[in-house]
Amino acid sequence: MFGKIATVVAMTVMVMALMVVQETNAARILMAVPIGTRSHGNFYMPLAEELARRNHTVTYVTGYEKSSSHPNIRVVVVPDVNIFDKMPNLFTTDRFTAIGAIYNDMKEVCIKALSHEAVQRLNDEKFDLVILYLALTECFLSFAHKLKVPFIYVNPNKLLGAYAAAAGSPPFPSLDASYMLDLEYPLTFTGRMMSTAQDLLDVLFHNWVFIPSLDDECRARKLCPEDMPYLGELRYNGSLFITNSVRTMEKPTLPYTPTLVHAGGIHCRPAKPLPEDLQQWIAGAGEPGFIFFSLGTLIKSSDLPDKYLKVLVEVLGSLQQRVLWKWDKETMESLPPNVRLVKWVPQQDILGHPQLRLFITHGGLFSTQEATYHGVPILGIPVAIDQHYNMRKVQKEGWGHVLYWEDLTYDNLRGHILQLMDDKRILDEVHQRSRLMRDQPMSPADWATYWVEYVLKHQGASHLRSPAVYIPWYQLYNADVWALLVVTTMLTTSLMSWLSFRILRALIRWCCASRKTKKE
Ligand SMILES: *[C@@H]1O[C@H](CO)[C@@H](O)[C@H](O)[C@H]1NC(C)=O
Ligand SMILES: *[C@@H]1O[C@H](CO)[C@@H](O)[C@H](O)[C@H]1NC(C)=O
C-alpha cells in the first residue's frame, strides 16, 4: 500500500519536475527579419517553425504580409520597409547600381522598421533571445541590449567578407570571392586583387560609414538607449551566425569557427502532390514531360524587355514538352498552346515531380538549392545580385548551363534546352549532388535548432567566440610581424651588400697596390 502511494508520489514529482524543465526550456524568441527580399523568408520561416515545434514561442517580425503557420509563432508585420521591392528594372540597370540603390536606403529603412509602433510595442515584452538578419537590421541590436539577452544572426546567403570577419571566421579573399564579383574558383592574380579590394571596401564601408551613421541616427531618434555600447562593437557579440550554405558542398572548402552554423537548404523538403488540375495538365504532357520556367519573386515579369519575351515565347512554343511558366500576369499575347501561365506555384512540388525535365531559372540561391535537392538540371538566365555567380558555379559543377540575356537568340536558347534535357552526364551529376545534399548527420533545421538551444542553455555560449573578432587586424594577420621581418631582411641585406662592396673594393685596392710594389 505504502509502496504504491510512494510510487504515485514519486511519479507525480517526476512529471512535475519534467513540466518545470519544459517550462524553463521553452524560450521566448524575438526573430527580427523585417528587411530583405520576400524569398529570404524561405530561410527564416523553417527555423521559426522548428523552434515553435519544440515549444518555444517565436515573435516573427517581417516586412511581408504573412499568416502564422504555427500557434507558437506570432507574426508582426512592418509595412513599407521592403527596399528590394523598390529596386529599379533589373534588366536595364547593372548589378552594382541596383545594389547601390539599396545601400543608400539601408539606414533609413532600419530606423523606419525599428520605430514602427508594432515593433516599439515589443519593448514592453520579455524575450530570452533575439534572432536577427545579419545585414540591414543592425539597429535591432538595441533590443538585445535592452533585454540583456544573447543574439543570433541569420543570413539567407553565404557569408560575405565583412560579415565573415564579424563572425571571427577570417575571410579568405584568396580562395573565395564575394558573389557580387561573379568570379570563379581558382582565382587568377587579378581575381585575387579584386576579391581583396572588394572585401576591404566592404569592411571599410561598414566600419567607417554605415555603422557609425546608423548608431548616430538611432541614438538621436531615441530608438537606441544612451547606455547602449557602440553598435560597431555590439554587433561583434553575436552568439551564432546561421548561414544558408551546405557546408559539405562548398567549393573551395573553408575553415570555420564553431559560431558559424551551416543550415543550407533548410527550406528544401520532399515534394507533395500538386493541385488536381495542374497534376492533370502535367500528366497530359505524356512521354516528353514538361519544363518549368520561373524568374523568381524579385524580378517583375513586366520588366522583361519585349525582344527577350519574343524569343522566349517562340522557343518555348516550338518544344515538344509542355511548359509551366511563372508569370505575374493573367495572360500574354500569342501564348503558345503548350505553355501554361501561373502566378504562383508550390515550386518544390513542381521540382520534385517525376515528369519534370528541366528548370529554366534566374539562378537565385533558393532556386538553385531546390533544384539540387530535387535533382533537376537547370538552365540559368541570370539577372541580378548573386545570380551570375550562382549560375557560373552551376555550370562549372556540371549540372546546368548559363545563358546570358545578351546572347538570347532563338537558336541559342533552343539549343541549350534540347542539350540539357538529353545530356546523361548532366543528369548523373545532378543526381549525385542531390544525394550529397541529403546526406547530412541532421536535417539543417535540426542542426540550426540544436545550436540555438545550445546558446539558450549556455547563456549566450560566448566561449565559442573566436578571439579573431576582437584583436586588431594587424595582429590577426601578423602584419606587424611580417613588416618587421621584411624591414629587418631588407636592412640586413643592404648592410651586407654595403659591407661586401667595401671589402671587395679594399681587396682590389690592396691587390693592385701589391702588384705595383712587385713591379717596382
Ligand atoms: C511541448 O509541449 C507539449 C505539451 O506540454 C509536450 O507534450 C511536448 O513533449 C513538448 N515538446 C518538446 C519538444 O519539448
Ligand atoms: C561582448 O561579449 C563579451 C563576452 O560576453 C562581453 O565581455 C562584452 O562586454 C560584450 N561587449 C559588448 C559591446 O556588448
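Since the structure is predicted, the reported quantities are computational estimates derived from the model, not experimental observations.

1. Quick word on a nonpolar patch on the surface
On the surface, L495, W498, L499, I503, L504, L507, I508 and W510 cluster together into a nonpolar patch covering about 880 Å² of accessible area. Overall, the relative accessible area of 49% leaves I508 in the partly exposed class.

2. Here's the deal with the side chain of D202
Along the polypeptide, D202 turns up in helix α7 (residues 189-220). No salt bridge is formed by the buried D202; its nearest oppositely charged neighbour, R235, is found at 9.1 Å. Setting aside residues up to four positions removed in sequence, D202 forms contacts with Y103, L160 and A162.

3. A word on the sheet that holds strand β1 (residues 28-33)
Paired through their backbone hydrogen bonds, the strands of a sheet run either parallel or antiparallel. Overall, parallel pairing links the seven strands, which are arranged β3-β2-β1-β4-β5-β6-β7 in an open sheet. Every interior strand has two partners, whereas the edge strands, β3 (73-77) and β7 (260-262), have only one. Strand-to-strand twist of the sheet, defined as the mean angle between neighbouring strand axes without regard to direction, takes the value 20°. As defined by bridge partners, strand β5 (residues 151-155) adjoins strand β6 (residues 240-243) across four bridges and the pair is classed as parallel. In the sheet register, N155 faces β6, and the bridge partner there is T243. Running over the sheet, helix α2 (residues 41-53) touches β1, β2 (57-62), β3, β4 (129-133), β5 and β6 and is turned about 160° from β2.

4. Describing the site of ligand 2
Close to ligand 2 lie P229, L234, N237, S462 and R465. Contacts to ligand 2 include N237, whose side-chain N or O atom sits 2.4 Å from an oxygen atom. Contact between ligand 2 and R465: an oxygen atom at 3.2 Å from a side-chain N or O atom of the residue. Against a free-state accessible area of 360 Å², the protein chains account for coverage of 46% of ligand 2. A per-class count over the shell around ligand 2 returns two nonpolar, two polar and one charged.

5. Observations concerning the domain arrangement of the chain
The assigned domain composition of the chain is domain 1 (25-170 + 230-266 + 443-473), domain 2 (276-438) and domain 3 (478-520). Taking the mean C-alpha position of each, domain 2 and domain 3 sit 71 Å from one another.

6. What about helix α13 (residues 387-397)?
Considered for burial, the residues of α13 that qualify are Q387, H388, Y389, N390, M391, V394 and E397. Residues of α13 that are buried make contact with α3 (95-115), α12 (365-374), β12 (378-380), β13 (400-402) and α15 (424-438). Positive phi appears at G398, one or two residues downstream of α13, with a value of about 85°.

7. Here we look at the packing of helix α10 (residues 306-317) against helix α14 (residues 410-422)
Think of two packed helices as two axes; the pair is described by the angle between the axes and how far apart they sit. Between α10 and α14, the least distance of the axes is 9 Å, while the angle of their chain directions is 45°. It follows that α10 is oblique to α14 by the angle criterion. Of the two elements, α10 crosses α14, and the hand of that crossing is right-handed. Of α14, the residues touching α10 (which contributes V311, L312, E314, V315 and L316) are Y410, L413, R414 and I417. Residues belonging to the contact of α10 with α14 are distributed by class as follows: seven nonpolar, no polar and two charged.

8. Some details on the sheet that holds β13
Spatially, six strands are ordered β10-β9-β8-β11-β12-β13 in an open sheet, and the strand pairing comes out parallel. The open sheet has two edge strands with one neighbour each: β10 (339-342) and β13. Across the sheet, the axes of successive neighbouring strands diverge by a mean angle of 15°, strand direction being ignored. Relative to β13, β12 is paired through three bridges, and the arrangement is parallel. Residue pairing in the sheet places L379 in a bridge with H401 of β13. Along the sheet face, α14 touches β8 (290-294), β11 (356-361), β12 and β13 and points at about 140° away from the line of β11.

Calculation criteria
- Residues numbered from 1 in each chain as written.
- Chains lettered and ligands numbered in written order.
- Predicted model: local features only at pLDDT ≥ 70, side-chain atom pairs only at ≥ 80, totals over all residues.
- Heavy atoms only, no water.
- Patch = residues over 30% accessible without salt bridge, like charges linked within 9 Å, V, L, I, M, F, W, Y side chains within 5 Å.
- Areas by Shrake-Rupley, 256 points an atom, 1.4 Å probe, with all protein chains shown as cover.
- Salt bridge = Lys/Arg side-chain N within 4 Å of Asp/Glu carboxyl O.
- Buried < 20%, exposed > 50% of the residue type's maximum accessible area, 1.4 Å probe, protein only.
- Helix = DSSP H or I, 4+ residues; strand = E, 2+ residues; numbered from the N terminus.
- Lys, Arg positive; Asp, Glu negative; His and termini not counted.
- Contact = heavy atoms within 4.5 Å.
- Pairing = 2+ DSSP bridges.
- Axes fitted to C-alpha atoms, helices over the stretch in contact; angles between N-to-C directions.
- Near = heavy atom within 4 Å.
- Polar contact = N/O pair within 3.5 Å; in protein donor to acceptor, adjacent residues only side chain to side chain.
- Nonpolar A, V, L, I, M, F, W, Y, C, P; charged D, E, K, R; others polar.
- Domains from an automatic or database assignment.
- Parallel < 35°, antiparallel > 145°, perpendicular 65-115°, else oblique.
- Left-handed = near helix turned anticlockwise from the far one by under 90°.

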